[in-house]
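Coordinate inspection notes
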Amino acid sequence: MDEIRKRAKELLENQTAKVVIGYGEGTAGKTRAVFIRKPEDTGQLIFDDRCEQNLAVYLLKHEVKHLGKLAIIATIPVMRTILQVASELQLTENDVVILGITPEKNLIELEGFKSVEDYLKTQDVGIRKEDKELLTKLTSLSLEEKWAYWEEELSRCIKCYACRAACPMCYCLRCFVEVNQPQWIPIAPNDLGNMEWHLLRAMHLAGRCINCGECGRACPVDIPIHLLTFKGVEDVHTDFNVVAGMNATMESVLSSFKPDDKETFIR
Amino acid sequence: MTGTSRIKYAPNVKIIRFPCTGRIDFMLILKAFANGADGVIVSGCHPNDCHYSTGNFHARRRWMVFRRLLEFVGINPNRIVWSWVSAAEGAKWASLVNTSTEEIRKLGPYDSYHKLANKPLEKEVFNG
Ligand code: SF4
Ligand code: SF4
């Protein structure tokens, strides 16, 4: 923790960064994102087991970007997000200083995207064990059981769009759910609207989701909504051998193709 | 070619034309179910025959992901029949429509999805 504060202070003092995005103490024992702009405020920065939020969601926000050069406390999901949005041409190496944090909570310097790529190659970036188990369990159900499960889960959705707001890959300035000429997805949180919204969200994140799980954590009614995008993570790996967020120059999975993509269902 | 060759096929399909399979947003398939369809045939030119050169290759990737996602939430993927049919393959089109109609008729009306849309399908439409 001291190491993080010290490094953040240096960066702000020598003007390498204008803002350091990190974790601070929140309310009710929770942590929150803090945006440190003065060297004397770096004491607010903390890092412990509670610091799970994917902070990279702030990197592309207009009001944050405009503060000047950013530094960010980067856990593995944050690093992967950075590479993914860089591959989507939303961020360049010069936009951000990466203060990497290893799973052992040590600070590491990562100079440039290449070193992030090299570092990630040595790390476990798979889906967490408990989510993996849930995915396997759900996959083994019959179609009717699956439908019943999701119908029940999604019926609780209140369309607050917290899952969208929390996801660093949902950076479109105008989201398809706001398209109203014609009304594309019903606005009301009704059964059809919820189903359509979530299937579309999952498709728009296929090949882009870096399995940080932030969407699921953000949901106020505890829908395991991250499982829908995790499913895509598994599928693009099986079908196209692609893992998102490992490479800053890779092609987007669904806007590229191989002439010999193999499927078994087209007659 | 099907029409020109006077080939008869099941009258259950409503044709919706698109410039290219690449234009078929997966959402449009869901909209078909929401509007009362029990099954959907998605069809277009064979790979390498695309007028826009790569539209169907892109579409194919998207379908691969979409199909698995549908299955994951419990939508029977067999309610969507995918097939490459060129403009010259009149007989293939006719038999595709006939077999698909049969297969989907066996699956029955898609009540569980129609229920979501709160638009129960009229009986007589299904019975053709
Ligand atoms: S969809 Fe969820 S798990 Fe995937 S990147 Fe977005 S917030 Fe993270
Ligand atoms: S966060 Fe939960 S309740 Fe809100 S829109 Fe997403 S799934 Fe629905």
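Keep in mind that what you see is a predicted model, and the values were worked out from it rather than measured.

What follows concerns the nonpolar core. It is characteristic of soluble globular proteins that their nonpolar side chains tend to be buried jointly. In terms of nonpolar packing, the biggest core is built from 118 residues, with A:Leu59, A:Ile72, B:Ile29, B:Ile75, B:Trp82 and B:Tyr113 touching the most fellow members. Three or more residues apiece are contributed to this core by two domains, here domain 1 (2–120) and domain 2 (129–255) of chain A. Look past the residues within four positions of A:Leu59 in its chain and what remains in contact with it is A:Ile21, A:Lys65, A:Leu70, A:Ile72, A:Ile82, A:Leu91 and A:Val96. One finds B:Ala10, B:Val81, B:Trp93 and B:Leu96 within the second-largest nonpolar core, a separate group that totals 7 residues.

Taken together, the contact between chain A and chain B spans 41 residues of the former and 42 residues of the latter. Between chain A and chain B, roughly 4,100 Å² of surface is buried when both sides are summed, and carbon and sulfur atoms account for 70% of that area. For chain A, the biggest contributors to the area lost against chain B are A:Trp147, A:Phe265 and A:Arg267; these three give 20% of the whole. Taken together, the connections running from chain A to chain B amount to 5 salt bridges.

Right, let's talk about the site of ligand 1 for a bit. Residue and element names in this part refer to chain A. Neighbouring residues of ligand 1: Cys167, Arg201, Leu205, Cys209, Ile210, Asn211, Cys212, Gly213, Glu214, Cys215, Thr229 and Phe230. Within the residue set of the shell around ligand 1, elements represented by two or more residues are helix H8 (191–205), helix H9 (214–218) and helix H10 (226–240). Tallied by class, the residues present in the shell around ligand 1 amount to 7 nonpolar, 3 polar and 2 charged.

Pairing is possible between side chains of opposite charge, provided their charged atoms come close. Residues and elements named next belong to chain A. Summed over the entire model, instances satisfying the criterion amount to 23 salt bridges over all chains. Of the charged contacts in the structure, one is a salt bridge between Arg7 and Glu10, with a shortest N-O distance of 2.8 Å. Here Arg7 pairs with Glu10, and both are found in helix H1 (residues 2–13), just 3 residues apart, close to one helical turn. Note on Glu10: relative accessible area 33%, which makes it partly exposed. Between Arg217 and Glu52 there is a salt bridge, and its shortest N-O distance comes to 3.8 Å. Remark: Glu52 occurs in the loop between strand S2 (31–36) and helix H2 (62–65) and Arg217 occurs in helix H9; sequence separation between them is 165 residues.

Bringing the domain arrangement of chain A into the picture now. Residues and elements named next belong to chain A. Along its sequence, chain A is carved into domain 1 (2–120) and domain 2 (129–255). Inter-centroid distance (C-alpha atoms) of domain 1 to domain 2 is 25 Å. In this complex, domain 1 contributes 20 residues to the contact, which on the side of domain 2 involves 21 residues. Together domain 1 and domain 2 conceal approximately 1,700 Å² of surface at their shared face, both sides included; 54% is due to carbon and sulfur atoms. It is Arg80, Gln84 and Glu88 in domain 1 that bury the most area against domain 2; as a group they hold 35% of the surface buried on that side. Linking domain 1 with domain 2 are 2 salt bridges. Between Glu88 and Arg208 there is a salt bridge whose closest N-O contact spans 2.8 Å. The interface formed by domain 1 and domain 2 contains 10 residue pairs in polar contact (both at pLDDT 80 or more).

Here is what the cut-offs are and how they apply
Residues numbered from 1 in each chain as written. Chains lettered and ligands numbered in written order. Predicted model: local features only at pLDDT ≥ 70, side-chain atom pairs only at ≥ 80, totals over all residues. Heavy atoms only, no water. Core = buried A, V, L, I, M, F, W, Y, C linked by side-chain atoms within 4.5 Å. Buried < 20%, exposed > 50% of the residue type's maximum accessible area, 1.4 Å probe, protein only. Domains from an automatic or database assignment. Contact = heavy atoms within 4.5 Å. Buried area = accessible area lost by both parts, 1.4 Å probe. Salt bridge = Lys/Arg side-chain N within 4 Å of Asp/Glu carboxyl O. Near = heavy atom within 4 Å. Helix = DSSP H or I, 4+ residues; strand = E, 2+ residues; numbered from the N terminus. Nonpolar A, V, L, I, M, F, W, Y, C, P; charged D, E, K, R; others polar. Polar contact = N/O pair within 3.5 Å; in protein donor to acceptor, adjacent residues only side chain to side chain.

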